[in-house]
Structures are given as structure tokens and as C-alpha cells.
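# Remarks on the overall topology
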Amino acid sequence: MTCGVAILGSTGSIGTATLQVLRRQRERFRVVALTAHSNAELLEGQAAEWRPAYVGLVNSGKRETGNEGGPRCLVEAATHPDVRIVVNAIVGAAGLEATLAALRAGKRVALANKEARAGGGEIVPVDSEHSAVLQCITGRRPGELARLILTASGGPFRTWTPERLAGATVAEALQHPTWKMGKKITVDSATLVNKALEVIEAHFLFGLPYPAVQVVVHPQSVVHAFVEFVDGSVLAQVGFPTMELPILYALTHPERVPDGGARRFDPVEAGALTFEPVRPELYPAYALGRAAGEQGGTAPAAFNAANEVAVQLFLEGRIRFGKIAETIERVLAAPWPPGARSLEDVLSADAVARRLAREAACF
Ligand code: NAD
Ligand code: MG
């Protein structure tokens, strides 16, 4: 019997990489549900290839593909009775509600969507750094884990001066040195907001205090994470950058299955590997994100929402690059309620932060 998979955001970078993995794993998995935001044409092509039971287009201005449309379709796809694994490859806080619904329905959630956090149920990370950690700790007891060192490529501005960086253009910010990804996460990699979100995610996924979740800049993106155990031993997970391996592992964890898709690792080809500290003057938004994580409550949701708004304005050419961190800083200066017990708490903080961010970005 094959295992049913739903892909939320099937038309994006992670979504299409997931389908690429599933093409090689047809005897193990079948696609039960696909959703996309607005790329009806690609979604239609995917539906024709995979013949899923459920297809949903969120922005269903024209509804030629889907049997369903509107934001509800995410929850419907995620809770479909034939689905065992939900791959959440949506960008932004829009993915949160479907993640919670899937967990409540007892599904495994293969989570790429890091902008939203969820508790309970089985979350298996898709992100390469968290997959690396999971691969290193699987089979170990929780008390044996001491410290994580996540790697960051440093983005396209690693060697720039802070002055030049403040006026970086959209085209420059979208030149990621090692990964080909959606626009929003590519900008987040240039500000290191992406890494701050990953630190917050790692704190919750692996139960470590923030000081034990560290980051090092590693421009080659070959080592995905280091894991230190209580005895001082360190394991690392390595490979040429590809999301297909962490996606496959999220589907099969804790097992491994044969797969010939990704380029085999070769240390000589990988060449020299270098590591540098994060330079705070280049990545002010990174420290803001860590501080929001330490603050807890609704501050991480506010951090995420402020960043989403600022990145959108930057991509539209309406604010300069340096304004992204300034906007986040202003939003985080507001008093954020310490309690984030329900989806409503998080969504209301998200809404307030978006409003404040739009105001702050205008000054
Ligand atoms: P992308 O922009 O390429 O794709 C986003 C997908 O989400 C699209 O299918 C789109 O239709 C859908 N979507 C967007 N807004 C939506 C909304 N409001 N409602 C419903 N669907 C919506 O992005 P991506 O690079 O694939 O990233 C997706 C997620 O994975 C992000 O959370 C990102 O941080 C994370 N991630 C991506 C990579 C990567 O290599 N691309 C690596 C690690 C983590
Ligand atoms: Mg990552």
C-alpha cells in the first residue's frame, strides 16, 4: 500500500522539488492532494500528471483547475482522509493554520514552512539544517544533545560593507550564492532573517535553550549543521546543496530508502570548506530575530510578520534593503503580549505587527 501525500504549495521551489522526489518513489508514495496560491497553469499540469483526489487553488479568481478554492482548501487538503503525510511548502504565516489542522488530524507534517510554528503531533523538518540535526540525533536520547551549530551561507552580501549593503538592489539580493529558492526566502537569506527563523525553529524542535543554538557562516553550504553531544563529540551532516535529500528524509524518517536522485557526495569536488563568525554589523535583523525568540510569547510571530511585510515592500521596490531591519526593529519595540497559547493569539499578533510594519516602513 502506498502512502498518501498532500503538498501545500506544490508550484513553489520546495513543492516542485518534492514532486521530483516522488517521481522516483512511486512505489512508496502517491499524491493525494495538491494546492497552490495562484499559478493555475502549473497546478493544472501537475494535476494532469499525478491525478490527485484533491486539487485546490487558494487565489481562485479563475477556478478552472480546482474542485476547491479559497484559503479553506489548505485545511481540506491537509486533513484529507487518504493523506498520511502533509508537505507544507507554503511561504509565510499563511501555512500555520493548515499545519495545526494536519497535526490535529494525526498526520505527519513535513514542514518547510518555517515562518509559522506549531506544537504537538509529529513535525518532521524539511529545512536542510534541521534535517541535518535530526539525522545526527536520530537514535540518541534527548539528554545526550548539548549544542547545535547551524550553518548559514551568508547570502550574497557576506563580503560587502554595511554602507553599501543598506542600498542593495532587489536584483542583487536575489543572487543567492548556493541555493535556488523562492524570492522571499532568498531575501531572508541575505538579511539572515532566514537563519534567525531557523534558530527559533531549532529551539522548539530540539528543545535546546537559545544559547545552545548557534550559527556559523559557511559559504560553501556543504556542512548543513553540527551537533555536539554532552561528551563533547560532534557529528555533522554533509552533502552538496539540494533540497531533494532533506525532503526525502522527511518523508521516510526514521528509515532510509534507496534513491538515485541527488548527486553523490565527493569531498575532493567539495574542496576547501571555510567557516566564519556571523558579523552583526552586516546582519542586524539576525540579532533582532534571536532577541524576539528569547523574548518568546508573541514576539517571534511579530518578528516574522514585520519581516514578511518589509520583504514584500522591498521586492516591490518601495523601500531600500536597509529598511527591512529598521522596520523589524520598530515593530519589535512595541510591547508584545507574553502569552501565545492559541492560534488566535498568534494571528492577532501577526495582524498588529503587519499594520505597525506598514506604518514603520513609510518613515
Ligand atoms: P516559493 O515562493 O517558491 O513557493 C511558495 C509556494 O507557496 C507556492 O506554491 C505558492 O503557490 C504557495 N503560496 C504562497 N503564498 C500562499 C498563500 N498565501 N496561501 C497558500 N499558498 C501560498 O517558496 P519556497 O522557496 O518553495 O519556500 C517555501 C517554504 O519553504 C518557505 O517557508 C521557505 O522558508 C521554506 N524553505 C525553502 C527552501 C528552499 O530551498 N526553497 C529551503 C528551506 C526552507
Ligand atoms: Mg535552511
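Residues numbered from 1 in each chain as written. Chains lettered and ligands numbered in written order. Predicted model: local features only at pLDDT ≥ 70, side-chain atom pairs only at ≥ 80, totals over all residues. Heavy atoms only, no water.

Okay, the coordination of the magnesium ion (ligand 2) next. Surrounding the magnesium ion (ligand 2) are the protein donor atoms Asp127 (OD), Glu129 (OE) and Glu198 (OE), at 2.1 to 2.2 Å. Counting the intervening residues between successive donors of the magnesium ion (ligand 2) yields the motif D-x1-E-x68-E. A single burial state applies to Asp127 and to Glu129, both of which are buried. (Donors = N, O, S within 2.8 Å, 3.2 Å for Na, K, Ca; no water. Buried < 20%, exposed > 50% of the residue type's maximum accessible area, 1.4 Å probe, protein only.)

This next bit is on the pairing of strand β10 (residues 223-229). Successive side chains on a regular strand alternate, one facing one side of the sheet and the next facing the other. The buried fraction of β10 is high, at 7 of 7 residues. Here strand β8 (residues 145-152) runs beside β10; their pairing, made up of 5 bridges, is antiparallel. From the neighbouring strand, Leu145 faces β10, where its bridge partner is Phe229. In this sheet, strand β11 (residues 234-238) lies alongside β10 in antiparallel orientation, the contact comprising 5 bridges. Each bridged residue has a counterpart across the sheet, and for Phe226 the counterpart in β11 is Ala236. Two successive antiparallel strands, β10 and β11, enclose a turn made up of 4 residues, where Gly232 displays a positive phi of approximately 95°. (Helix = DSSP H or I, 4+ residues; strand = E, 2+ residues; numbered from the N terminus. Pairing = 2+ DSSP bridges.)

When the charged atoms of two side chains with opposite charge come close together, those side chains can pair. All told, the structure shown has 21 salt bridges when counted by the stated rule. Between Glu228 and Arg147 there is a salt bridge, with its nearest N and O atoms 3.1 Å apart. Taken together, the residues span a long stretch of sequence, with Glu228 in strand β10 and Arg147 in strand β8 at a distance of 81 residues. Salt bridges linked by common partners bring Arg23, Arg26 and Glu49 together as one network. (Salt bridge = Lys/Arg side-chain N within 4 Å of Asp/Glu carboxyl O.)

Glancing now at helix α14 (residues 322-332). In terms of burial, α14 is largely enclosed, as 8 of its 11 residues are buried. Of all the residues in α14, the buried ones are Gly322, Lys323, Ile324, Ala325, Thr327, Ile328, Val331 and Leu332. Looking at the buried side of α14, the elements it contacts are α6 (162-166), α8 (183-191), α9 (193-206), α12 (284-295), α13 (299-315) and α15 (343-361). (Contact = heavy atoms within 4.5 Å.)

This part is about the environment of Leu288. Along the chain, Leu288 falls in helix α12. Accessibility expressed as a relative area gives 18% for Leu288, which makes it buried. In sequence terms Leu288 and Ala349 are 61 residues apart; their C-alpha atoms lie 17 Å from each other. If near-sequence neighbours (up to four positions away) are discounted, Leu288 is found in contact with Phe303, Ala325, Ile328, Glu329 and Leu332.

With that out of the way, let us pick up helix α4 (residues 96-104). Burial analysis of α4 places 7 of its 9 residues in the buried class, the great majority of the element. Among all positions in α4, only Leu96, Ala98, Thr99, Leu100, Ala101, Ala102 and Leu103 are buried. Where α4 is buried, its residues contact β1 (3-8), α3 (72-78), β5 (85-88), β6 (108-111), β7 (122-125) and α15. Gly106, located one to two residues past α4, shows a positive phi value of around 80°.

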